[in-house]
Amino acid sequence: MEYMETMVIIEDKIVSSEIFTECFSCDYGVCGGACCIIGDSGAPMEEEESERIEANYAEFSPLMSPGGRAVIEEKGFFEIDADGDIVTPLVPGKEECAYAACDEDGNWFCTIERSWCRGGSDFIKPISCRLYPIRVLKLSNGMTALNLHRWNICACAFAKGRREGVPVYRFLQKPLTDAFGEEFYRAMEAAAAHFR
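Residues numbered from 1 in each chain as written. Predicted model: local features only at pLDDT ≥ 70, side-chain atom pairs only at ≥ 80, totals over all residues. Heavy atoms only, no water.

1. Observations concerning the pattern of salt bridges
- Under the defined criterion, the tally for this structure stands at 11 salt bridges.
- With a closest N to O distance of 3.0 Å, Glu18 and Arg150 form a salt bridge. You can see Glu18 sitting in helix H1 (residues 18-21) and its partner Arg150 sitting in the loop between strand E9 (144-148) and helix H7 (155-164), a full 132 residues away along the chain.
- We note a salt bridge from Lys75 to Glu79, for which the minimum N-O separation is 2.9 Å. (Salt bridge = Lys/Arg side-chain N within 4 Å of Asp/Glu carboxyl O. Helix = DSSP H or I, 4+ residues; strand = E, 2+ residues; numbered from the N terminus.)

As structure tokens, then:
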């Protein structure tokens, strides 16, 4: 492990120091799932994730909005955005993810994740959604950068995280472990001590 003022290098990952020093905790009661319906592009996806979504579609599609189902029937399980990246499809004319739906209280949720929580789907949701506010970028030198992203709709989550004293890396323990392994997460815990 190598420490620098603004980053830590763990294996082949360059991790921003903000992931250790900034706090975050989703505040769904305040934002109502706005991340599912605001943005100029869908959520980034790995190629194999679209296959997992397709394989589980029958499990979560009943939870989807009619507009979301129509998008999947027309466009398929992913689309390519303006940057050439694979992303979740958006409902035309809106910013909402095709996999999002609204409950009776006006809160938005991921239908893939809701199905997984109920024991239906065996896929939680795209790892980019699970890792937010961390954004992962594969670099041309073969390394991977993990950076903190600040989105104004998540200001309440940063505030709640600070109130509760929950660092970003700790809030995201499960998705970080799922994405990069237990050894990587243990190294992150060790690195966090350096910044305390």
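2. What to know about H7
- For H7, the full list of buried residues reads Cys156, Ala157, Phe158, Lys160 and Gly161.
- On its buried side, H7 packs onto helix H2 (28-31) and E9.
- Looking one or two places after H7, you find Gly165, whose phi comes out positive at around 65°. (Buried < 20%, exposed > 50% of the residue type's maximum accessible area, 1.4 Å probe, protein only. Contact = heavy atoms within 4.5 Å.)

3. Concerning the side chain of Glu22
- Structurally, Glu22 is set in the loop between H1 and H2.
- Residue classification places Glu22 among the buried positions, given a relative accessible area of 14%.
- Engagement of the side chain of Glu22 in a polar contact is seen with the side chain of Arg150, the distance being 2.8 Å.
- The residues contacting Glu22, other than those within four sequence positions of it, are Leu148, Arg150, Phe158, Arg162, Val166, Pro167 and Val168. (Polar contact = N/O pair within 3.5 Å; in protein donor to acceptor, adjacent residues only side chain to side chain.)

4. Focus on the packing of helix H9 (residues 173-180) against helix H10 (residues 182-195)
- Running from N to C, H9 and H10 cross one another at 130°; their axes reach a closest spacing of 7 Å. Here H10 runs oblique to H9, going by the angle between their axes. Seen from H9, the contacting residues are Gln173, Leu176, Thr177 and Phe180; seen from H10, they are Glu182, Phe184, Tyr185 and Met188.
- Across the contact of H9 with H10, the residue classes tally to five nonpolar, two polar and one charged. (Axes fitted to C-alpha atoms, helices over the stretch in contact; angles between N-to-C directions. Parallel < 35°, antiparallel > 145°, perpendicular 65-115°, else oblique. Nonpolar A, V, L, I, M, F, W, Y, C, P; charged D, E, K, R; others polar.)

5. A few points about the packing of aromatic side chains
- This structure, assessed with the given rule, holds 10 aromatic pairs.
- Taking 6.1 Å as the distance between ring centres and 35° as the angle between the ring planes, the aromatic pair formed by Tyr169 and Tyr185 counts as tilted. One end of the pair, Tyr169, is in helix H8 (residues 168-171); the other, Tyr185, is in helix H10, with 16 residues separating them in the sequence. Accessibility classification places Tyr169 together with Tyr185 in one group, the buried group.
- A network of ring pairs unites the aromatic residues Phe24, Tyr132, Trp151, Phe158 and Phe171 as a single cluster.
- If you follow Arg114 out to its NZ or CZ, it ends over the ring of Phe109, 3.7 Å from the centre. (Phe/Tyr/Trp six-rings, centres within 6.5 Å; stacked < 30°, edge-to-face > 60°. Lys NZ or Arg CZ within 6 Å of the ring centre and 35° of its normal.)

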